[in-house]
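A structural walkthrough
Take a look at the letters that make up each chain.
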Amino acid sequence: MCNTSTLLVVNNSYPGPEIRVHRGDTVFVNVHNRGKYGFTIHWHGVKQPRNPWFDGPEFITQCPIRPRTNFTYKIILSEEIGTLWWHAHSDWTRGSVHGAIVILPAENETYPFPTPDGEQTIILESWYNGNFKKIIDKALAAGTPPPQPDAYAINGHLGDTYGCPTDTIFRMEVDYEKTYLLRIINAAMNEQQFFTIMNHTLTVVAVDASYVRRFKTNYILISPGQTMDVLVSANRNAGQYYMATRPFSDSSVPPVDFITTGIFQYTNFVGGSNASLITLPAMNNTDAMLNFISRIRNTNVTQNPPINVPGDTDINRRVFITLAVNDLPCKNSKCVVSDGFAASLNNVSFVYPHIDVLQAYYRNIRGVFAENFPFLPPEFYDFTGNLTGVVSAVEVGTRAICVNYGDAVEIVLQSTQMGAGGSHPIHLHGYSFYWVGAGFGNFNGETDPSTYNLVDPPLMNTIDVPGTGWVAIRFFANNPGVWYMHCHLERHTSWGMSTVLIVRNGSTIETSIRPRPSTMPRCHRT
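Residues numbered from 1 in each chain as written. Predicted model: local features only at pLDDT ≥ 70, side-chain atom pairs only at ≥ 80, totals over all residues. Heavy atoms only, no water.

Looking at an unreviewed UniProt entry, one finds the protein chain named Laccase, with Gossypium schwendimanii as its source organism. UniProt, in its Function (unreviewed entry) section for the protein chain, records the words "Lignin degradation and detoxification of lignin-derived products." (UniProt positions renumbered as here; feature names shortened; annotations may be inferred.)

Structure, rendered in structure tokens:
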């Protein structure tokens, strides 16, 4: 535990530098690769209208930026407001290559709440005593699960709970009776996280760069990939108060239950902490999870786009997807087990091609991917119940979901008890979608849609599917391109829990993919 690690980082900082912009800006970021292997950068939650070329996932929209080369990303912002983030999208390198994107209101635009007196970005992270890429490469070669993290971190600091004399603790200094906007990002590799500030009330105002109906809470629950904007007032007795984070899990193989601390410190106060006891929900407290997420609602403020939820009669493309962890024969010479781990969507475990899917689609290169992702699971069973006797065959392949421009799409994501079960934070690139429904057990297409919230569902880019339940999302397919959809638990993505959404061009230039830039990194086999 108490040692140092050499990490791949950006501009010699962990987390990496913060990008501060205004709503609607276009940003250019020149990435120089001085590492030893190729990687890419993804601008998480940025829709990139008609601009999938610069979205970033490796072998989906581009090939890696090779060592000793550089590549300039063009980041087109549109409706996003609040907090997003950027991270590497190659292997596990996002564990140390990540940072915040702060999207301030546009000129002559205000917050839909009193302007805070200050702000602070808080990034929740997984800490490993080792190189992230080597960790996952070794696990995949052996066919074994990657190890648990050695600690969790807040803005790169491990806090005071691990017993290492060299550990540092993150401190946020505040003034009495001032209000602060916290920009919270879960950059952890595989862990949902509870977060709190002792003796202080948090007010949630935005999720995934979209404003929500404000609500007060003692804690938040945030999944890997998600961002939340939270107000906190420094209105308690002057002192030092712990901020703290710990994982949440509903899996039969939970993460390590570490609590990581920071300090919320009033200016000019000298002394110890005012809160020696840290009160956070237990790691397996599903009631606390449900109590929090059930309160997230859209808000009809002028700073949000008008709510435009596809209605029941609008939907012309329905997809029902089961999420599972599976076994596949481990054929690598370094295998230490006969069956390695795989993960799947509708029993298809995704395989990255040798060139990017977007290039193959745009140039009509055959043999790279297939447009035949199944819109229904190949078999139906008691997904969240007893799986005795259920043996689901898994196939590997690069198969895409294809829809037409303008389609009204509904996707139901159903967890299964295959493998260890547990929640899955699913992220869709290129879109924010409406989270219209959720429930436990097996989704019932006849009765469950009657429970949908079509009035004020939140706009999100990452949604957590409970380990014994389902969620339903809806959106209009109005952003043409090739867009990755995957679990944001990195071990599941590494095992194949992902697919590609292809939205075909519309009938005009304004509804079609922008031309391919001449500067795209070359693939090794082209």
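Moving on, we come to the overall build of the protein chain. Helix and strand counts for the protein chain stand at 4 helices and 30 strands. A globule of 526 residues ought to have a C-alpha radius of gyration of about 24 Å, and the protein chain, at 22 Å, matches this closely. Seen through its principal axes, the protein chain has C-alpha atoms that stretch 65 × 55 × 50 Å. Scored against the burial criterion, the 526 residues of the protein chain give a buried share of 61%. Contacts spanning at least 24 positions in sequence make up 80% of the contacts within the protein chain whose residues lie at least 6 apart. (Helix = DSSP H or I, 4+ residues; strand = E, 2+ residues; numbered from the N terminus. Rg over C-alpha atoms; globule rule 2.2 N^0.38 Å. Buried < 20%, exposed > 50% of the residue type's maximum accessible area, 1.4 Å probe, protein only. Contact = heavy atoms within 4.5 Å.)

The biggest cluster of nonpolar side chains holds 68 residues, and the ones touching the most others in it are Phe195, Ile220 and Phe264. Contact partners of Ile220, with chain neighbours within four places excluded, come to Ile184, Gln193, Phe194, Phe195, Leu202, Val204, Met228, Val230 and Phe292. Ranked by size, the runner-up nonpolar core spans 44 residues in total, among them Phe39, Val482, Ile513 and Cys523. (Core = buried A, V, L, I, M, F, W, Y, C linked by side-chain atoms within 4.5 Å.)

The next thing to look at is the packing of aromatic side chains. Taken as a whole and assessed by the stated rule, the structure comprises 29 aromatic pairs. Taken together, a centroid distance of 6.1 Å and an interplanar angle of 85 degrees make the contact between Phe113 and Tyr211 edge-to-face. Of the two residues, Phe113 is situated in the loop between strand 6 (98-104) and strand 7 (118-127) and Tyr211 in strand 13 (residues 210-217); the sequence distance between them amounts to 98 residues. For Phe113, a relative accessible area of 7% puts it in the buried group. Between the aromatic rings of Tyr352 and Tyr484, the centroid separation amounts to 6.2 Å while the plane-to-plane angle is 55 degrees, which identifies the pairing as tilted. With Tyr352 in the loop between strand 20 (348-350) and helix 3 (357-363) and Tyr484 in strand 29 (residues 481-487), this residue pair connects regions lying 132 residues apart in the sequence. Across from the ring centre of Tyr37, 5.1 Å away, lies the NZ or CZ of Lys133, which sits over that ring. (Phe/Tyr/Trp six-rings, centres within 6.5 Å; stacked < 30°, edge-to-face > 60°. Lys NZ or Arg CZ within 6 Å of the ring centre and 35° of its normal.)

What follows is about the layout of surface pockets. Size it by volume and the largest pocket reaches roughly 920 Å³. What lines the largest pocket is a set of 39 residues, among which Leu140, Tyr352, Thr493, Ser494 and Trp495 lie closest to the centre. When contributions to the lining of the largest pocket are tallied by element, the ones reaching two or more residues are strand 5 (82-88), helix 1 (132-142), strand 18 (317-329), strand 19 (339-345), strand 20 and helix 4 (490-495). Among the elements that take part in the lining of the largest pocket, helix 1 stands out by supplying 6 residues, more than any other. Split by residue class, the lining of the largest pocket holds 20 nonpolar, 12 polar and 7 charged. (1 Å grid on protein atoms, 1.4 Å probe; cavity = no way out; pocket = protein on both sides within 12 Å on 5 of 7 lines; lining within 4 Å. Points joined across faces, edges and corners; volume = space filled by probe spheres on them. Nonpolar A, V, L, I, M, F, W, Y, C, P; charged D, E, K, R; others polar.)

Listing the buried residues of helix 2 (residues 286-293) in full gives Ala288, Met289 and Phe292. For helix 2, the angular spread of the buried residues around the axis is 100 degrees, confining them to a single face. Capping the start of helix 2, Asn285 holds a side-chain oxygen 3.2 Å from the backbone nitrogen of Asp287, two or three residues further along. (Arc of directions from axis to C-beta. Polar contact = N/O pair within 3.5 Å; in protein donor to acceptor, adjacent residues only side chain to side chain.)

Here we take up the state of the cysteines. Taken as a whole and assessed by the stated rule, the structure comprises 2 disulfides. Disulfide pairing places Cys63 opposite Cys523 at an S-S distance of 1.7 Å. Because the sign of the S-S torsion sets the handedness, a value of about 80 degrees for the bond joining Cys63 and Cys523 places this disulfide among the right-handed ones. Separated by 460 residues along the polypeptide, Cys63 in the loop between strand 3 (41-44) and strand 4 (70-76) and Cys523 in the segment after strand 30 (498-503) bring together distant segments of the chain. Judged by its relative accessible area of 2%, Cys523 is buried. (Disulfide = S-S within 2.5 Å.)

All right, on to the side chain of Thr511 then. Tracing the chain through its elements places Thr511 in the segment after strand 30. The buried category is assigned to Thr511, whose relative accessible area is 15%. Separated by 2.9 Å, the side chains of Thr511 and Thr508 make a polar contact. For Thr511, the contacting residues outside a window of four places in its chain are Arg50, Tyr405, Pro480, Asn505 and Gly506.

Here we take up the side chain of Asn326. Within the secondary structure, Asn326 is located in strand 18. You can call Asn326 buried: its relative accessible area is 6%. Of the polar contacts made by the side chain of Asn326, one reaches the side chain of Ser344; its length is 2.8 Å. Residue contacts for Asn326: discarding those within four places in its chain leaves Gly340, Phe341, Ala342, Ala343, Ser344 and Val394.

Residues annotated in UniProt with the feature "domain: Plastocyanin-like" (unreviewed entry) correspond here to residues 3-106, 120-267 and 395-506. Each end of residues 3-106 is marked by a C-alpha atom, and these two atoms are 44 Å apart; helix forms 0% of the span and strand 35%. Summarising residues 120-267: 7% helix, 48% strand, and an end-to-end C-alpha distance of 15 Å.

In this section: empty space enclosed by the protein. Per the stated rule, a full pass over the model turns up 3 cavities of 30 Å³ or more. What the largest cavity holds in volume is close to 50 Å³. Lining the largest cavity we find Lys47, Glu79, Glu80, Asp208, Ala209, Ser210, Asn304, Pro305, Ser432 and Leu459. In terms of residue class, the lining of the largest cavity is made up of 3 nonpolar, 3 polar and 4 charged.

Here 5 strands make up an open sheet; going across it, the order is 9-17-16-11-14 and the pairing mixed. Sheet topology places strand 9 (170-174) and strand 14 (220-222) at the edges, where each strand pairs with a single neighbour. Geometrically, the sheet is characterised by an average inter-axis angle of 25 degrees between neighbouring strands, direction not taken into account. Of the strand pairs in this sheet, strand 16 (residues 240-248) and strand 17 (residues 260-266) are connected by 6 bridges, and their pairing is antiparallel. Its bridge partner lying in strand 17, Gln240 is registered against Gln265. (Pairing = 2+ DSSP bridges. Axes fitted to C-alpha atoms, helices over the stretch in contact; angles between N-to-C directions.)

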